[in-house]
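Structural features, examined
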Amino acid sequence: MGHDSHDHKPKGFVNRWLMTTNHKDIGTLYLVFAFAMFITGGAMAMIIRLELFQPGLQFVEPDFFNQMTTMHALIMVFGAVMPAFVGLANWMIPMMIGAPDMALPRMNNWSFWILPFAFALLGSTLFMDGGAPAGGWTMYPPLVLQGGKNVAYLVFAVHLMGISSIMGAINVIATIMNMRAPNVGYLNMPLFVWTWLITAFLLIAVMPVLAGAVTMLLTDRYFGTSFFNAAGGGDPVLFQHIFWFFGHPEVYIMILPSFGVVSEIIPTFARKPLFGYVSMVYATAGIAFLSFIVWAHHMFSVGMPLGGELYFMYATMMIAVPTGVKIFNWVATMWKGAMTFETPMLFSLAFVVLFTIGGFSGVMMALAPVDLQYHDTYFIVAHFHYVLVPGAIFAIIAAAYYWLPKWSGHMYSERLGKIHFWWSTISVNVLFFPQHFLGLAGMPRRIPDYSTQFAEFNMMSSIGGFAFGLAQVFFIYIVVKTVRGGKKAEANAWGDAKGLEWTVPSPAPHHTFDEFGPVDLKKMAHGEVH
Amino acid sequence: MDVNTKKTLKKCLMVVVLMGGFGYALVPLYDVICDITGLNGKTGVANEQILARQVVDETRRVTVQFDGTVNSDLPWSFRPAKFSMEVIPGKMYTAEYIAQNVASKEVIGQAVPSVAPNEASIYFDKTECFCFTQQLLKPGESKNMPVTFIVRSDLPEGIDVLTLSYTFFNRSNMTADEKTQGSDVHEKI
Ligand code: HEM
Ligand SMILES: [Cu+2]
């Protein structure tokens, strides 16, 4: 698509969006898609919390309830969080390193447009005989294979999502390695770019493993192989090993870019350079490496030799070390800074505090003997929602507020942003904190009914859930309002924020950094570091 | 696409293909690890060499418990004739299971053994077993199924009780209805 004039955007839906190879437009597509999936998955969560509002079965059939937990997780993981980060990567990485576009623009178009098909396939199972997959997002056999007609759809949808993320990841790698402005070294790159580079390597390493695992499910179900079928000499536990070899790095795929986002925002509003830039890079790489060797902490109760339990326990606890380095660096960045508390900063601060709570419950579950109690209870539900909702999702929201002026050219309403922040932060804690207690008291996960001693905490959690859901509808309103109009944003919307993205006008023109050449390193957050 | 981008693309695709292969390589790798460690409770097959190596200590006794289940797809009843026996490590014993086909069709089944605790499974060897081959039962037919085994004499001290458990799976092509036929009988055994 050879249009080289400055802000000449292609006309019409097909040319502008369907055929686009522009990193900013593709970034927008990803973000809009992710938001739509976030709302869809969120609606399913509302059904779950509605059913769990009181003990007993009130609203939905148990089988449908299980479909909701499964689909909610699949949609949030593969449809909301991952595409949102790819969207942010598309928008920001080229502008942050002085590149005119992504390295492989056509592939970029493909990797996005595969996604709607993947989720149409997955979503269509809801309307089939026997319904959607109901065996949990972890897809453990033999349960998942007993699901009726949806197995093939589930597997092909996962294949498509995998292909899409692999293409997105390759694009990020190729862009960062080959398209940096000539004077931008690796150690000048913003942390968002660094964390995404490492995430992209995780993606190309583990998505093929997931693809393999689900392909084995497919052939076990339809072609008579026995990878996981004990009758034919297979072993269902093997699936768990393969799945979690993918699955644990996957959870870091969802959190490393958040670390990057927060590492951009906190220095801006603390008005100090990021503390310990190089140690942040090493900590990220360290976490990524460790994420490959801890997978069986998801399987402590499956029956492992003592040596295995001990190894996976100690290896998992080690992750807390580089993670701790990051938390301390963020705190040190704020130390004696001239802090202000605009909405992106508030969400980032909440991220630091609440993600750490999730990290702590993680370390608790890393202890093999006590995990036998926590495993498959609401405690683990609380754990991963703390790291994913006020963790990954808050980081995405913070990023949206932080860069919205750059994307849209308008400032959002700070008053509405603050309302959104407090509303979300209070309700997310009301939603997930009681689940720790439920889990410790023994309430199992993925169950539509429960005994009456769990009633109070469940009701609390549901109320928090509805409030949190509503807050995100309010967020749509804020975003739409900002895109439509509002106070004009300066090129440097935050006054003295560092980073090349703030050197181009707001809204960012369709094409930026078109001439390949050196950039002003002093404008970069880590310009002095080499 | 410039040369460097092409190079990066190629390298990344190589990683993708290699990791796809790695996913599949985990399957044999897992089997090897399980063979060495007994991780998945699978038992061994005794050969001459193993039998010749046994040093029998007549004073040592361990208890072997027997357990039998059928997978929900198989319209059989299946149980051990005796629920446990005292054995001397290094000596050969025979135990029996009883299986009955409660469906009105011929059914082929395959038994899959497993020993708990895992650490003990590599010391449990069979010389003969109904699980070595598939078993065919005519409608209503009942059959005694023997298994001949030794618990090896190098079984670590401290393991006093082993459980040998079989699960019988359906290996004939049947419709879902045929498979559940007679499933109410399972409760009675
Ligand atoms: C210090 C860091 C962390 C530690 C030590 C840790 C540890 C654990 C452990 C031991 C489990 C398994 C619990 C069980 O099944 O009994 C678990 C589950 C989980 N963790 Fe973490 N975790 C950490 C950080 C994270 C992060 C950053 C994320 C994602 C952003 C995450 C997402 C999850 C998810 C999704 C599950 C549940 C998977 C499932 O069974 O559905 N964790 N974690
Ligand atoms: Cu994990």
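For clarity, every value in this text was computed on a predicted model and none was experimentally measured.

What follows concerns the overall build of chain B. Within chain B, the regular secondary structure consists of four helices and ten strands. Looking at chain B as a whole, 45% of its 189 residues qualify as buried. For chain B, the share of sequence-separated contacts (at least 6 apart) that also reach a separation of at least 24 residues comes to 78%. Accessible area of chain B: about 10100 Å², with a carbon and sulfur share of 55%.

The next thing to look at is the coordination of the copper ion (ligand 2). All names here are of chain A. Donor atoms from the polypeptide that coordinate the copper ion (ligand 2) comprise His248 (ND1), His297 (NE2) and His298 (NE2), at 1.9 to 2.1 Å from the metal. Sequence spacing of the donor residues for the copper ion (ligand 2), all on one chain, is H-x48-H-H. Separating the copper ion (ligand 2) from the iron atom of ligand 1 is a distance of 4.6 Å. Separated by 50 residues along the polypeptide, histidine 248 in helix α7 (residues 236-253) and histidine 298 in the loop between α9 (277-290) and α10 (306-334) bring together distant segments of the chain. Assigned by exposure class, histidine 248 and histidine 298 land together as buried.

This part is about the interface of chain B and chain A. At the junction of the two partners, chain B supplies 25 residues and chain A supplies 33 residues. Regarding the contact of chain B and chain A, the summed buried area is about 2300 Å², with carbon and sulfur atoms giving 75% of it. Among the residues of chain B in contact with chain A, B:Met19, B:Tyr24 and B:Tyr30 are the three that bury the most area, contributing 23% of the side total. Taken together, chain B and chain A are joined by zero salt bridges. Every element with two or more residues in the side of chain B that touches chain A is listed here: α1 (3-37) and β6 (107-116) of chain B.

For the iron atom of ligand 1, the sole protein-derived donor is A:His383 (NE2), lying 2.1 Å away. Among the structural elements, A:His383 can be located in helix α13 (residues 378-408).

Residues and elements named next belong to chain A. Within the structure, ligand 1 sits among 22 residues, and Trp137, Asp371, His375, His383 and Arg445 are positioned closest to it. For ligand 1, an oxygen atom lies 2.7 Å from a polar atom in the side chain of aspartate 371. In the environment of ligand 1, a nitrogen atom lies 2.9 Å from a nitrogen or oxygen atom belonging to the side chain of histidine 383. Counting residues per element, the shell around ligand 1 draws most heavily on helix α11 (residues 343-366), which supplies six residues.

Here is the key point about a regular strand: its side chains alternate between the two faces of the sheet. Residue and element names in this part refer to chain B. Alignment of strand β5 (residues 92-101) against strand β9 (residues 142-151), held across nine bridges, turns out to be antiparallel. What sits directly across from glutamate 96, in β9, is proline 146. Across five bridges, the pairing between strand β7 (residues 124-129) and β9 is antiparallel. Bridging across to β9, cysteine 129 finds its partner in valine 147.

Another point: the packing of aromatic side chains. On inspection of all chains with the given rule, the structure shows 61 aromatic pairs over all chains. Here B:Phe78 and B:Phe168 contribute two aromatic rings whose centre-to-centre distance is 4.8 Å and whose plane-to-plane angle is 85°, an arrangement assigned as edge-to-face. Taken together, the residues B:Phe78 in strand β3 (residues 76-80) and B:Phe168 in strand β10 (residues 161-170) connect sequence positions 90 residues apart. Looking at B:Phe78, the relative accessible area reads 3%, which means it is buried. The class of B:Phe168 is buried, set by a relative accessible area of 0%. The lysine or arginine in question, A:Arg180, covers the ring of A:Tyr186, its NZ or CZ lying 3.9 Å from the ring centre.

A few words on the sheet that holds strand β2 (residues 62-70) of chain B. All names here are of chain B. Taken in spatial order, the five strands of this open sheet run β4-β2-β10-β6-β8, and their pairing is mixed. The open sheet has two edge strands with one neighbour each: β4 (84-87) and β8 (135-137). Between one strand axis and the next, the sheet turns through 30° on average, direction left out of account. Across three bridges, the pairing between β6 and β8 is antiparallel. Looking across to β8, one finds that glycine 109 is bridged to glutamine 135.

Residues and elements named next belong to chain B. Counted according to the given criterion, the structure contains one disulfide over all chains. Here cysteine 129 engages in a disulfide with cysteine 131; their sulfurs sit 2.3 Å apart. Judged by the sign of its S-S torsion, about 130°, the cystine formed by cysteine 129 and cysteine 131 is right-handed. When sorted by exposure, cysteine 129 lands in the same class as cysteine 131, which is buried.

What counts, and where the lines are drawn
- Residues numbered from 1 in each chain as written.
- Chains lettered and ligands numbered in written order.
- Predicted model: local features only at pLDDT ≥ 70, side-chain atom pairs only at ≥ 80, totals over all residues.
- Heavy atoms only, no water.
- Helix = DSSP H or I, 4+ residues; strand = E, 2+ residues; numbered from the N terminus.
- Buried < 20%, exposed > 50% of the residue type's maximum accessible area, 1.4 Å probe, protein only.
- Contact = heavy atoms within 4.5 Å.
- Areas by Shrake-Rupley, 256 points an atom, 1.4 Å probe, with all protein chains shown as cover.
- Donors = N, O, S within 2.8 Å, 3.2 Å for Na, K, Ca; no water.
- Buried area = accessible area lost by both parts, 1.4 Å probe.
- Salt bridge = Lys/Arg side-chain N within 4 Å of Asp/Glu carboxyl O.
- Near = heavy atom within 4 Å.
- Polar contact = N/O pair within 3.5 Å; in protein donor to acceptor, adjacent residues only side chain to side chain.
- Pairing = 2+ DSSP bridges.
- Phe/Tyr/Trp six-rings, centres within 6.5 Å; stacked < 30°, edge-to-face > 60°.
- Lys NZ or Arg CZ within 6 Å of the ring centre and 35° of its normal.
- Axes fitted to C-alpha atoms, helices over the stretch in contact; angles between N-to-C directions.
- Disulfide = S-S within 2.5 Å.

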